[in-house]
Amino acid sequence: MLIGYARVSTHDQNLDLQKDALQKAGCEQIFVDKVSGTVAARPGLEKVKAIFRKGDTLVVWRLDRLGRSLKDLMGWMNYLEEKEVGLKSIQESIDTTTTTGKLVFHIFGALAEFERNLIKERTQAGLAAARARGRLGGRPKSLDENKRKVVVDLYNKKELMVKEICEMMEISKPTLYSYIRESQKPKKS
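All chains use their own residue numbering, which begins from 1 and follows the written sequence. pLDDT decides what is reported in this predicted model: residues at 70 or higher carry local features, side-chain atom pairs at 80 or more are listed and counted, and totals for whole chains, interfaces and linings draw on all residues regardless. Hydrogens and water are ignored here; the side-chain numbers use all heavy atoms of the structure.

### Digging into the confidence of the model for the protein chain
- On average, residues of the protein chain score 86 in pLDDT, and 94% of them are at 70 or above.
- pLDDT runs from 0 to 100 and stands for how confident the predictor is about each residue. Note on conventions: DSSP H or I runs of at least 4 residues are helices, E runs of at least 2 residues are strands, and numbering of each starts at the N terminus. Predicted confidence in the protein chain is weakest over helix α3 (residues 70-82), with a mean pLDDT of 82, and strongest over strand β3 (residues 57-60), with 95.

Take a look at the structure:
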């Protein structure tokens, strides 16, 4: 049996393209997840694992829908081989039920990881260059310095609950705690 698996990283993204391709490939059942590939626990994938039988084939639109690193993909490959289940990737035209398909799978997996590492290196280099020019990344502070001091004072006085301070200042709890940590750092001269 051909079993399809589709995944998008966020709830805002659409699965239609992947589902259409999996149906066209002949998948009798299709399972989906709306979660990042870096998350280990994926309910749709767990359901897929539960129904595998010897001779089945897992079909994905692209390899990166199954795993985000070569290590993940190799783990899946070993698992599928153990269960005597094949793997087909529509976009990469990989079919591990053949010897050539297994070789191509390993090559594509290595290239995908290489590309991700290059992107990560370029991103880090860009951030370092921006910092060298005095630019800091991240979101601007939601409160100015005086209001941050008020927040910290309110917290330290322990007269109001954290929730009340956050609602009054229209900030989240993590933001409040970030301001408190910031106030506890020694001041630079």
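### Here we look at the packing of aromatic side chains
- We call Phe, Tyr and Trp rings a pair once their centres come within 6.5 Å, taking the six-membered ring for Trp, and we label the pair stacked below 30 degrees between planes, edge-to-face above 60, and tilted otherwise. By the definition in use, this model includes three aromatic pairs.
- Ring plane angle 45° and centroid distance 6.5 Å describe the contact between Phe-52 and Tyr-79, whose orientation is recorded as tilted. Placement of Phe-52 in the loop between α2 (43-51) and β3 and of Tyr-79 in helix α3 is noted, with a sequence separation of 27 residues between them.
- Since its relative accessible area comes to 12%, Phe-52 is described here as buried.
- Seen in terms of ring centroids, Trp-76 and Tyr-79 are 5.6 Å apart; in terms of plane orientation they differ by 80°. Their pairing is edge-to-face. One end of the pair, Trp-76, and the other, Tyr-79, are both in helix α3, three residues apart, so they sit about a helical turn from each other.
- Residue Trp-76 is classed as buried on the basis of its relative accessible area of 10%. Only protein chains enter the accessibility calculation, which uses a 1.4 Å probe; a residue whose area is less than 20% of its type maximum is buried, one above 50% is exposed, and one in between is partly exposed.

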